[in-house]
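Below, each chain spelled out in residue letters.
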Amino acid sequence: MLSVASRPVSSLRVSGVLGRAAATMADALAKIPDVEIDPEGTFKYILVRVKVKDGDANKDIVRGTKSAEYHNHIFEKVSPAMEALGMECKCLGGGKIEHNSQEKKLRVFGESTGFGKADHSVSVEKLKGAFSDYEITWSDDKK
């Protein structure tokens, strides 16, 4: 077993200001909702990797809205909001979501011209966490 100063690494704890800052940033990351999408309709969405600035902790989030004419309009709102929380983000791709709240169905498809196609399987896993009682499907179809 690797040890430092004759203490096993597994028993070491990060402490002091650095430890509190890292814990605070990890907490801030955990508080960012995995999914924020419009409650109804067909709209553009993006898959974004949010990362703690100068750290390794990260998570992927889904954002989508009818108000965005282009995928980059969503990113232009998400990025400054994440920066204000001490995070940095990168768009992993986009597509469209068809949200039918009456039938409790979500369909993920398409791609973003500017960002490329998101990994819809990753997006669907995030959506399943937020919409556990929905039927959620995805395809590489353009429409």
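Residues numbered from 1 in each chain as written. Predicted model: local features only at pLDDT ≥ 70, side-chain atom pairs only at ≥ 80, totals over all residues. Heavy atoms only, no water.

1. Brief notes about the packing of aromatic side chains
The description of an aromatic ring pair uses the distance of the two centres, along with the angle that the planes make with each other.
(1) Moving on: Across all of its chains, the model carries two aromatic pairs by this definition.
(2) Moving on: When the centroid spacing of 4.9 Å and the interplanar angle of 65° are considered together, the rings of F131 and Y134 count as edge-to-face.
(3) Moving on: Its end group placed over the ring of F109, R107 keeps NZ or CZ at 3.9 Å from the ring centre. (Phe/Tyr/Trp six-rings, centres within 6.5 Å; stacked < 30°, edge-to-face > 60°. Lys NZ or Arg CZ within 6 Å of the ring centre and 35° of its normal.)

2. A word on the layout of surface pockets
(1) Moving on: Computed from the structure, the largest pocket encloses a volume of approximately 240 Å³.
(2) Moving on: Around the largest pocket, the lining comprises 13 residues; the ones closest to its centre are K44, H71, E111, S112 and T113.
(3) Moving on: A volume near 170 Å³ is recorded for the second largest pocket.
(4) Moving on: Along the walls of the second largest pocket sit E36, I37, D38, R63, G64, T65, S67, A68, H73, I74, K77 and V78, which together make up its complete lining.
(5) Moving on: Breaking the lining of the second largest pocket down by element, the ones donating at least two residues are β3 (35-37), β5 (58-65) and α2 (71-84).
(6) Moving on: Looking at the lining of the second largest pocket, the element that brings in the most residues is α2, giving four residues.
(7) Moving on: Looking at the lining of the second largest pocket residue by residue, the classes come out as four nonpolar, four polar and four charged. (1 Å grid on protein atoms, 1.4 Å probe; cavity = no way out; pocket = protein on both sides within 12 Å on 5 of 7 lines; lining within 4 Å. Points joined across faces, edges and corners; volume = space filled by probe spheres on them. Helix = DSSP H or I, 4+ residues; strand = E, 2+ residues; numbered from the N terminus. Nonpolar A, V, L, I, M, F, W, Y, C, P; charged D, E, K, R; others polar.)

3. Considering unusual backbone geometry
(1) Moving on: Its identity as a non-glycine residue notwithstanding, D54 has a phi of 60°, on the positive side.
(2) Moving on: A residue is classified by how much of its surface remains accessible, and D54, at 83% relative accessible area, is exposed.
(3) Moving on: Its identity is not glycine, yet K104 carries a phi of approximately 55°, on the positive side.
(4) Moving on: Tracing the sequence through the fold places K104 in the loop between β6 (87-100) and β7 (105-109). (Buried < 20%, exposed > 50% of the residue type's maximum accessible area, 1.4 Å probe, protein only.)

4. Some remarks on the pairing of strand β8 (residues 135-138)
(1) Moving on: Sheet analysis places β7 next to β8, joined by four bridges and oriented parallel. Looking at the pairing, K105 lines up with E135 of β8.
(2) Moving on: Each parallel crossover has a hand, and the one from β7 via helix α3 (residues 120-130) to β8 is right-handed. (Pairing = 2+ DSSP bridges. Right-handed = clockwise from strand over helix to strand, strands pointing away.)

5. Some remarks on the pattern of salt bridges
(1) Moving on: Under the criterion given, the structure shown has eleven salt bridges.
(2) Moving on: Residue E98 pairs with R107 through a salt bridge whose shortest N-O separation is 3.4 Å.
(3) Moving on: With a relative accessible area of 23%, R107 lands in the partly exposed category.
(4) Moving on: In this structure, the salt-bridge partner of E125 is K128, at a minimum N-O distance of 3.6 Å. In this pair, E125 and K128 are both assigned in helix α3, three residues apart and thus about one turn of the helix distant.
(5) Moving on: Through salt bridges with shared partners, a single ionic network connects D34, K59 and K126. (Salt bridge = Lys/Arg side-chain N within 4 Å of Asp/Glu carboxyl O.)

6. Things to note about the confidence of the model for the protein
(1) Moving on: Looking at the protein as a whole, its pLDDT mean stands at 88, while 84% of the residues score no less than 70.
(2) Moving on: Contacts of residues 1-18 to residues separated by more than four positions or lying in other chains number ten contacts, the stretch itself having pLDDT below 50. (pLDDT = per-residue confidence, 0-100. Contact = heavy atoms within 4.5 Å.)

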